[in-house]
Amino acid sequence: SLSETQLGKIQVELYKEIKKNGSVRSLRAALSRFAALCHHIRPQKGRAYVQNLLPYVTRMARRPEEPLLETLAAALEKIMPTLGHFTNDNEIKNLLKAFLPNLSHTSSAVRRSAVSSLTVLCRHSRKPPMFLGWLLSTILQILVPVQNDIPTSQALGCLLCLRSLVPHIGELCAPVIPSDTHHAHHTTHLHPAE
């Protein structure tokens, strides 16, 4: 009810709670409310929020609590479309590296949260093709060559991540549209008798 008149103060208070990195319950509440209001952040303040918020997101990504990581993944889906274009390459790469170890976690909920977070971070960065390609390459390096001693949880996490990346593979390269003359050349080449 106060969001219209006191929006700036509310966002700052929620950020302070996130910064505390305290109990899971308060952190989840602050994250979900900050995510719900982040689309109101003025563009002039976007970079400041990114610089201050992302180090704490990195810390949260390294915490072991399943409910927190699930809330963080859901929050990033709302936060990154608003603040992602204010990030720089190093910030995105550091976040990706913080979430990658969670792909091999024994908990399927943690693995799913990591996949969601990784995909959202890549898609809403300034250079989606570059980061989607980097993530795809990193996952393939973990899986190939196939090793007998790879932990099952790690293989499952990497395969889940690959499945999440498949719909976005088209963003990695520009579409090739054949020109009319190129198409005509092929049709005459296919039917030399005509």
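Small disclaimer: the values here were computed from a predicted structure and weren't measured. (Residues numbered from 1 in each chain as written. Predicted model: local features only at pLDDT ≥ 70, side-chain atom pairs only at ≥ 80, totals over all residues. Heavy atoms only, no water.)

1. With respect to the confidence of the model for the protein chain
Moving on, step 1. Per-residue confidence for the protein chain gives a mean pLDDT of 84; residues scoring 70 or more make up 85%.
Moving on, step 2. The low-confidence segment residues 181-194 (pLDDT under 50) makes zero contacts with residues lying over four places distant or belonging to another chain. (pLDDT = per-residue confidence, 0-100. Contact = heavy atoms within 4.5 Å.)

2. Considering the nonpolar core
Most often, soluble globular proteins have nonpolar side chains that are buried together.
Moving on, step 1. Grouped together as the largest cluster of nonpolar side chains are 51 residues, with contacts concentrated most on Ile18, Phe34, Val57 and Ile139.
Moving on, step 2. For this core, the element with the highest residue contribution is helix α3 (residues 43-61), accounting for eight residues.
Moving on, step 3. Setting aside residues no more than four positions away along its own chain, phenylalanine 34 makes contact with Gln11, Leu14, Tyr15, Ile18, Ile41, Tyr49, Leu53 and Ile79. (Core = buried A, V, L, I, M, F, W, Y, C linked by side-chain atoms within 4.5 Å. Buried < 20%, exposed > 50% of the residue type's maximum accessible area, 1.4 Å probe, protein only. Helix = DSSP H or I, 4+ residues; strand = E, 2+ residues; numbered from the N terminus.)

3. Focus: the packing of helix α4 (residues 66-83) against helix α6 (residues 108-123)
Moving on, step 1. Two elements in contact, α4 and α6, have axes separated by 9 Å at closest approach and are oriented at 20°. Considered as vectors, α4 and α6 are oriented roughly parallel to each other. Judged by the sense of rotation from one axis to the other, the crossing of α4 with α6 is left-handed. Every residue of α6 that contacts α4 at Glu66, Leu69, Glu70, Ala73, Leu76, Glu77 and Met80 is listed here: Ala109, Val110, Ser113, Ser116, Ser117, Val120 and Leu121. (Axes fitted to C-alpha atoms, helices over the stretch in contact; angles between N-to-C directions. Parallel < 35°, antiparallel > 145°, perpendicular 65-115°, else oblique. Left-handed = near helix turned anticlockwise from the far one by under 90°.)

4. Side note on unusual backbone geometry
Moving on, step 1. Note the cis peptide between valine 144 and proline 145, where omega equals 0°.
Moving on, step 2. Of note, proline 145 is situated in the loop between α7 (128-143) and α8 (152-165).
Moving on, step 3. With phi around 55°, asparagine 21 is a residue other than glycine that occupies positive phi space.
Moving on, step 4. Take asparagine 21: it is sitting in the loop between α1 (7-20) and α2 (24-37).

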